[in-house]
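# A look at the structure
If you want the building blocks of each chain, they are given just below.
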Amino acid sequence: MTIEQPDGAGDPDYRFNASSMGPAKAAMDRLGMLSHDHEAPWPRLEDFGLTMAEVYAAQGPGAPEPVRAYLAAQTAAFEWQAEQPTGFPEYKIGHSNDGWLVTPAEIRAALTALEGQPESAKAGTMAEDSRWDEWIDYLRRAEAHGGFRVE
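Given the structure is predicted, the values throughout are model-derived calculations rather than measurements.

### Considerations on the pattern of salt bridges
Following the criterion strictly, the structure yields 11 salt bridges and no others. Across the salt bridge formed by Lys122 and Glu119, the nearest N and O atoms sit 3.0 Å from each other. One end of the pair, Lys122, and the other, Glu119, are both in helix H5 (residues 119-128), three residues apart, so they sit about a helical turn from each other. On the basis of relative accessibility, which here comes to 11%, the residue Lys122 falls in the buried class. The structure contains a network of salt bridges with shared partners spanning Glu4, Glu79 and Arg149.

Now the structure itself:
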């Protein structure tokens, strides 16, 4: 993960390894930090009159308008957020490193959900992972600096 606007944010990167991502994501889900409400409106190739082969073949400078429009729609989907976020969209973290933007509003909603949990629930989670405090600090910094990209 990389903070979107890193100037003044401290270390802009945070990494989960293969063995820690699953437990951290499960803890966030238990604590209400993940949202399962909405998914980004993903562009459909047929709406642009394209095939994936055409997109791959025509990327780069001088790409035809339909390819540029499709790629712009993809970028918009990676940056999309629900009108009223209720946490991190579950699909944005722990599945791929495609560049999803976890927005400040999504982070704020996740941290608000965490703060609303009983101390016993938070303490149990923090005891499970010694990096939990570091992760929460990263989220607070990311919230203040444009969110973070999952890369």
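### Overview of the environment of Leu45
Along the chain, Leu45 turns up in the loop between strand E2 (34-35) and helix H2 (52-58). Separated by 22 residues in the primary sequence, Leu45 and Val67 place their C-alpha atoms 9.3 Å from one another. If we ignore the near neighbours within four places in the chain, the residues touching Leu45 are Leu50, Thr51, Met52, Val55 and Tyr70.

### Thoughts on the layout of surface pockets
Considered as a void within the structure, the largest pocket measures approximately 190 Å³ in volume. Lining the largest pocket, in full, are Met1, Tyr14, Arg15, Phe16, Met21, Gly94, His95, Ser96, Asn97, Val150 and Glu151. For the lining of the largest pocket, the class distribution of residues is five nonpolar, four polar and two charged.

What counts, and where the lines are drawn
Residues numbered from 1 in each chain as written. Predicted model: local features only at pLDDT ≥ 70, side-chain atom pairs only at ≥ 80, totals over all residues. Heavy atoms only, no water. Salt bridge = Lys/Arg side-chain N within 4 Å of Asp/Glu carboxyl O. Helix = DSSP H or I, 4+ residues; strand = E, 2+ residues; numbered from the N terminus. Buried < 20%, exposed > 50% of the residue type's maximum accessible area, 1.4 Å probe, protein only. Contact = heavy atoms within 4.5 Å. 1 Å grid on protein atoms, 1.4 Å probe; cavity = no way out; pocket = protein on both sides within 12 Å on 5 of 7 lines; lining within 4 Å. Points joined across faces, edges and corners; volume = space filled by probe spheres on them. Nonpolar A, V, L, I, M, F, W, Y, C, P; charged D, E, K, R; others polar.

Interpretation note: all reported values are geometric properties and have no functional meaning in isolation.
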